[in-house]
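# A look at the structure
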Amino acid sequence: MQPVFRALELTALSAVRIAGARVDYHGLEHIPAESGAVIAINHTGYVDFLPAGLAAYHRGRRMRFMIKAEMQQVRLVNYLIHHTGTIPVDRGAGADAYQHAVSALRAGEVVGVYPEATISRSFELKEFKSGAARMALEAQVPIVPLIVWGAHRLWTKDHPRARLVRSKIPITVLAGEPLAPSGDAAALSARLRERMAPLLAQVQQEYPHPAGEFWVPRRLGGGAPTPDEARVAEEQELTERMRKRAGDRRPDPSGTEQ
């Protein structure tokens, strides 16, 4: 696990240099130096994991991520999953992944989780799933809120990937004060969202936000969809995904299924 993880760290650091990106880290002292913790990350794009993982690296830690099980079908990704301790999640049966994550937390590792589960098209916080809170409660470890902002300009839903070489896109990473694992999962998840919302708003406000840009939230004058508009797009996406999985079995005029 260690040699492959080290190679990934060096690759990530090189990618940041090649992109010419400036990544500003704040509050990294909130990530435990040794003990286990759930790292709750906001989700705005496909490469959030890179600056989040480097935040742990700069704290002297290695973050284990939870990843969609479908990614195991990609040979290289499958190799990395098995050699870096990444936890594949089968959305239809996630109990095994959940227990792996709890075991890792109890063993003193830090596990990165996206409480929103999917990318937020509005770039504002969506409703949270309870998985992060449940893991923290069962393992009795804190939850550290982690905001990543700017990486969505490189690659996010509904938009083409940006030119990565010398893109010089600034990225901000902000870790907030940990939440103790107390109460029930619903209450802890609500407290987590309440803690992350002002942190995200702070970072967004301090980051340049040109009017009309697709990556700027509507609240700040940008062109991103509102949370309500994003919710409609997500519902349409889910409907289309379910239709494809069902093979689009619509009845034909003869009364048989297509």
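Residues numbered from 1 in each chain as written. Predicted model: local features only at pLDDT ≥ 70, side-chain atom pairs only at ≥ 80, totals over all residues. Heavy atoms only, no water.

## Details of the overall build of the protein chain
Each helix and strand counted, the protein chain has 7 helices and 7 strands in total. Across the protein chain, helices and strands are ordered from the amino to the carboxyl terminus as α-β-β-α-β-α-β-α-β-α-β-β-α-α. Evaluated residue by residue, the protein chain yields a buried proportion of 45% over its 258 residues. Sequence separation of at least 24 residues holds for 72% of the intrachain contacts in the protein chain that already meet a minimum separation of 6. (Helix = DSSP H or I, 4+ residues; strand = E, 2+ residues; numbered from the N terminus. Buried < 20%, exposed > 50% of the residue type's maximum accessible area, 1.4 Å probe, protein only. Contact = heavy atoms within 4.5 Å.)

## Structural notes on the packing of aromatic side chains
To describe a pair of aromatic rings, one takes the distance between the centres and the angle between the planes. Taken as a whole, this structure holds 4 aromatic pairs when the rule is applied. Ring plane angle 85° and centroid distance 6.4 Å describe the contact between phenylalanine 49 and phenylalanine 65, whose orientation is recorded as edge-to-face. In this pair, phenylalanine 49 is assigned in helix H2 (residues 49-58) and phenylalanine 65 in strand S3 (residues 63-68), connecting sequence segments 16 residues apart. The exposure class of phenylalanine 49 is partly exposed, given its relative accessible area of 40%. On the basis of relative accessible area, phenylalanine 65 is assigned to the buried category, the value being 15%. Taking the centre distance of 5.8 Å and the plane angle of 85° together, the rings of tyrosine 207 and tryptophan 215 count as edge-to-face. Take tyrosine 207 and tryptophan 215: they sit in the same class, and that class is buried. One Lys or Arg, arginine 161, reaches over the ring of tryptophan 155 and ends 5.1 Å from the middle of that ring. (Phe/Tyr/Trp six-rings, centres within 6.5 Å; stacked < 30°, edge-to-face > 60°. Lys NZ or Arg CZ within 6 Å of the ring centre and 35° of its normal.)

## A closer look at the packing of helix H5 (residues 131-139) against helix H6 (residues 185-206)
Two elements in contact, H5 and H6, have axes separated by 8 Å at closest approach and are oriented at 115°. At the point where H5 passes H6, the crossing takes the right-handed sense. Residues Ala133, Arg134, Ala136 and Leu137 of H5 pack against Ala185, Leu188 and Ser189 of H6. Residues of the contact of H5 with H6, tallied by class, amount to 5 nonpolar, 1 polar and 1 charged. (Axes fitted to C-alpha atoms, helices over the stretch in contact; angles between N-to-C directions. Left-handed = near helix turned anticlockwise from the far one by under 90°. Nonpolar A, V, L, I, M, F, W, Y, C, P; charged D, E, K, R; others polar.)

## Brief notes about the side chain of threonine 172
Residue placement: threonine 172 occurs in strand S7 (residues 171-175). Owing to a relative accessible area of 15%, threonine 172 belongs among the buried residues under this scheme. Residues in contact with threonine 172, not counting those within four places in the same chain, are Asp24, His26, Ile147, Val148, Trp149, Val203 and Tyr207.

## Regarding the packing of helix H4 (residues 95-106) against H5
Running from N to C, H4 and H5 point in directions that differ by 45°, and their axes come no closer than 9 Å. Between H4 and H5, the angle is such that the two are oblique. As H4 packs across H5, the resulting crossing turns out to be right-handed. Of H5, the residues touching H4 (which contributes Tyr98, Gln99, Ala101, Val102, Leu105 and Arg106) are Gly131, Arg134, Met135, Glu138 and Ala139. A breakdown of the residues in the contact of H4 with H5 according to their chemical character gives 6 nonpolar, 2 polar and 3 charged. (Parallel < 35°, antiparallel > 145°, perpendicular 65-115°, else oblique.)

## So, the confidence of the model for the protein chain
On average, residues of the protein chain score 86 in pLDDT, and 80% of them reach the 70 mark or higher. Ignoring residues within four places in sequence, the model shows residues 252-258, a span with pLDDT below 50, making 9 contacts including any to other chains. (pLDDT = per-residue confidence, 0-100.)

## Observations concerning the nonpolar core
Core analysis: the largest hydrophobic core is formed by 66 residues, its most contacted members being Val38, Ile39, Ile41, Met135, Leu146 and Val148. Looking at which element gives the most residues to this core, the answer is H6, with 7 residues. When sequence neighbours within four positions are dropped, the list of residues in contact with leucine 146 reads Ile39, Ala40, Ile41, Asn42, Ala52, Val173, Leu174, Ala175 and Met196. (Core = buried A, V, L, I, M, F, W, Y, C linked by side-chain atoms within 4.5 Å.)

## Details of unusual backbone geometry
For alanine 117, which is not glycine, the phi dihedral falls at a positive 75°. Note on alanine 117: relative accessible area 35%, which makes it partly exposed.

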